Each structure stands twice: as structure tokens, then as C-alpha cells.
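Residue-level structural notes
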Amino acid sequence: MKIELIPAIDIINGQCVRLTKGDYDQKTVYGKPLGMAQEFERIGFKRLHVVDLDGAKSKHIVNDAVLKEITSQTKLSVDFGGGIKTQEDIEAAFNAGAKMVTIGSIAVTQPQLFMWWLQKYGPDRVILGADVRNGKISINGWKEDSTEDLLPFLKKYIDAGVRNVLCTEISKDGTLAGPAIDLYKRVLDRYPDLHLIASGGVSSIDDIKALEDAGIPAVVFGKAIYEGRINLEKLKVKSDEFSKENNTLSGCEGR
């Protein structure tokens, strides 16, 4: 597969969980994050998306120790988000081994700070989080909707140097109802050079293939794995087939 495949681990109280539409009251626990990360590495994934849901709700990083456990006991390249609100938070994430950070709320509430981080750490280490509900950017663990419309919000930061955007359609997240392909296509029609990471709603390998066919560069997915909707071994085989034909592979690599 050409599309970059990025499994996700969301953390509450040190446990791997998934929410439905970002609702903390609709939570399913799937075990320990480290064990799941090690399984992803065993399968052949090279990258991992980690979200500190406690941090997103508390407005400061909470699970940096769990992040450190993952980065110190695997070779996965981890991008980390959730609760990064201050310089202390972003340094804690990098000190715990994150290769990249995903910043969403601060880009809305403190744009100058986001711009400073973008300049300080560079566009390869700072991912813009664009979580969307009813066309508006949502912040603070999806507890609040801002007045920012998606496309103008993206333009402001793309013009400032952002190259990587993680876009989650909240109404799809955790529902296994299929990804918001039309939304992602609208974004790429406007900003074709953007490295857009789709998130939310993936329920099957067919959904991933549909995103790939639509030209989406990357996808984050989690619940479909935990619920057994996506067989990682089969996904690995498909990725291996592409690797043999093209000598390249993004996100997941056969061993």
C-alpha cells in the first residue's frame, strides 16, 4: 500500500482505550499501551500515534511516563498529542521520546505560541491537529467547538510552513462507520501538497484502500484493530506485496 499506515493508541489512566465520537462516557478498555505498541512493532509497523486523553481533558500532559515506556522499549517513531498547552508540556513530550507532536487547541487559542513552536522545532516535528465537528475546529479534548472554519484555519498555518496535518472528523471517530473521504478530498483539492493524515471511522482494509484510491497520503486507525475488524497480518501481507513491487513502504514494513 502506498498510503502511510499509522496505528493509534489512546490512553486513559495508563490504559489503552477507545472512545466513540470523543465521548469519555463511551469508553472501551483494551489493555496496556506498551503491550499493544510492542505488538504493532512485531507486525512491522514503524510509526505510532499516541494520544493522552487524560491530558487533553486536564489541559496538560498526564501520561508522559507511559509515552516514555513505549519509546524506550520499542523502536517505533511516535507522534504524541493530548494536553500539550505549555513549553513545559512540549518539552516533556520530546524528553519522553516523542519524535513528533500533534498540536490542536493551542493553534486556536494561542496562535503565536503555535507559530513559535513551528519555527523552533520545525515542520517535520510539529503536526497541526485539525479536529472537525460540524465544519468547525474542536478543542480541549473535543469538549469545545471554536469559531474556526476548517479550510481557512488550515490556510493560515500552511502559509506559515505547516506541512503535516492530522484531520479527524469527530462524528466518525470510534464509530467504525467509514472515513470522511469527501472531507479529506476537499482539503487536498485546496492544498494538494499537504501531507494529510486522515483519522476517524476506519472499519476495514477496504476503507483504507478507499482512502488510498482517493489520494489521501496517510491514515490513523485504532478501533478497527481492537475490535478485530482489521486483521493486521493480512494488512501486513498487502503491504509486503506493495513493498516487493515498489521497494518502498510507508508506516508498515514486512520483516
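Everything in this summary refers to the structure shown in the same document. (Residues numbered from 1 in each chain as written. Predicted model: local features only at pLDDT ≥ 70, side-chain atom pairs only at ≥ 80, totals over all residues. Heavy atoms only, no water.)

The next point concerns the overall build of the protein chain. Within the protein chain, the regular secondary structure consists of 11 helices and 12 strands. The C-alpha atoms of the protein chain give a radius of gyration of 17 Å, which matches the 18 Å a tight globule of 255 residues would have. In terms of overall dimensions, the protein chain has C-alpha extents of about 45 × 40 × 35 Å along its principal axes. Sorting the 255 residues of the protein chain into buried and exposed places 58% on the buried side. The long-range fraction of contacts in the protein chain, counting pairs at least 24 apart against all pairs at least 6 apart in sequence, stands at 66%. Distance from the positive charge centre (34 side chains) to the negative charge centre (36 side chains) of the protein chain: 1 Å. (Helix = DSSP H or I, 4+ residues; strand = E, 2+ residues; numbered from the N terminus. Rg over C-alpha atoms; globule rule 2.2 N^0.38 Å. Buried < 20%, exposed > 50% of the residue type's maximum accessible area, 1.4 Å probe, protein only. Contact = heavy atoms within 4.5 Å. Lys, Arg positive; Asp, Glu negative; His and termini not counted. Charge placed at Lys NZ, Arg CZ, Asp CG, Glu CD.)

Below, the discussion takes up the pairing of strand S2 (residues 15–20). In terms of burial, S2 is largely enclosed, as five of its six residues are buried. Judged from the three bridges that link them, strand S1 (residues 4–12) and S2 form a sheet pairing that is antiparallel. When the bridges of S2 are listed, Ile-11 appears paired with Cys-16. Count of turn residues in the S1/S2 antiparallel hairpin: two residues, of which Asn-13 carries a positive phi of about 55°. (Pairing = 2+ DSSP bridges.)

Across all of its chains, the model carries six aromatic pairs by this definition. When the centroid spacing of 5.9 Å and the interplanar angle of 80° are considered together, the rings of Phe-40 and Phe-45 count as edge-to-face. Measuring from ring centre to ring centre gives 4.8 Å for Phe-114 and Tyr-157, while their planes differ by 70°; the resulting arrangement is edge-to-face. One end of the pair, Phe-114, is in helix H6 (residues 111–121); the other, Tyr-157, is in helix H7 (residues 150–159), and 43 residues separate them in sequence. (Phe/Tyr/Trp six-rings, centres within 6.5 Å; stacked < 30°, edge-to-face > 60°.)

The subject of this paragraph is the pattern of salt bridges. Summed over all chains, the structure comprises nine salt bridges. Taking the shortest distance from any N to any O, the salt bridge between Arg-47 and Glu-4 comes out at 3.0 Å. With Arg-47 in strand S4 (residues 47–52) and Glu-4 in strand S1, the pair connects residues that are 43 residues apart, well separated along the chain. Looking at Arg-47, the relative accessible area reads 9%, which means it is buried. The closest approach of N and O atoms between Glu-148 and Lys-156, which form a salt bridge, is 3.4 Å. Because the salt bridges share partners, they merge into one network encompassing Glu-4, Arg-47 and Asp-79. (Salt bridge = Lys/Arg side-chain N within 4 Å of Asp/Glu carboxyl O.)

As a further point, take empty space enclosed by the protein. Counted according to the given criterion, the structure contains one cavity of 30 Å³ or more. Empty space within the largest cavity amounts to approximately 610 Å³. Together, 41 residues line the largest cavity, and His-49, Val-51, Leu-53, Asp-131 and Trp-142 are the ones closest to its centre. The class makeup of the residues in the lining of the largest cavity is 17 nonpolar, 18 polar and six charged. (1 Å grid on protein atoms, 1.4 Å probe; cavity = no way out; pocket = protein on both sides within 12 Å on 5 of 7 lines; lining within 4 Å. Points joined across faces, edges and corners; volume = space filled by probe spheres on them. Nonpolar A, V, L, I, M, F, W, Y, C, P; charged D, E, K, R; others polar.)

Turning our eyes to something else, we now look at the side chain of Ser-146. Within the fold, Ser-146 resides in strand S9 (residues 144–149). Within polar-contact distance, the side chain of Ser-146 engages the backbone oxygen of Ile-137 at 2.7 Å. Separated by 3.1 Å, the side chain of Ser-146 and the backbone nitrogen of Glu-148 make a polar contact. (Polar contact = N/O pair within 3.5 Å; in protein donor to acceptor, adjacent residues only side chain to side chain.)

Right, let's get into the packing of helix H1 (residues 33–43) against helix H3 (residues 64–73). Closest axis-to-axis distance for the H1/H3 pair is 9 Å, and the angle between their directions is 30°. Judged by the inter-axis angle, H1 sits roughly parallel to H3. As for the relative orientation of H1 and H3, their crossing is right-handed in sense. Contact residues: Pro-33, Leu-34, Ala-37, Gln-38 and Glu-41 in H1; Val-66, Glu-69, Ile-70 and Gln-73 in H3. Here the contact of H1 with H3 is composed, by residue class, of five nonpolar, two polar and two charged. (Axes fitted to C-alpha atoms, helices over the stretch in contact; angles between N-to-C directions. Parallel < 35°, antiparallel > 145°, perpendicular 65-115°, else oblique. Left-handed = near helix turned anticlockwise from the far one by under 90°.)

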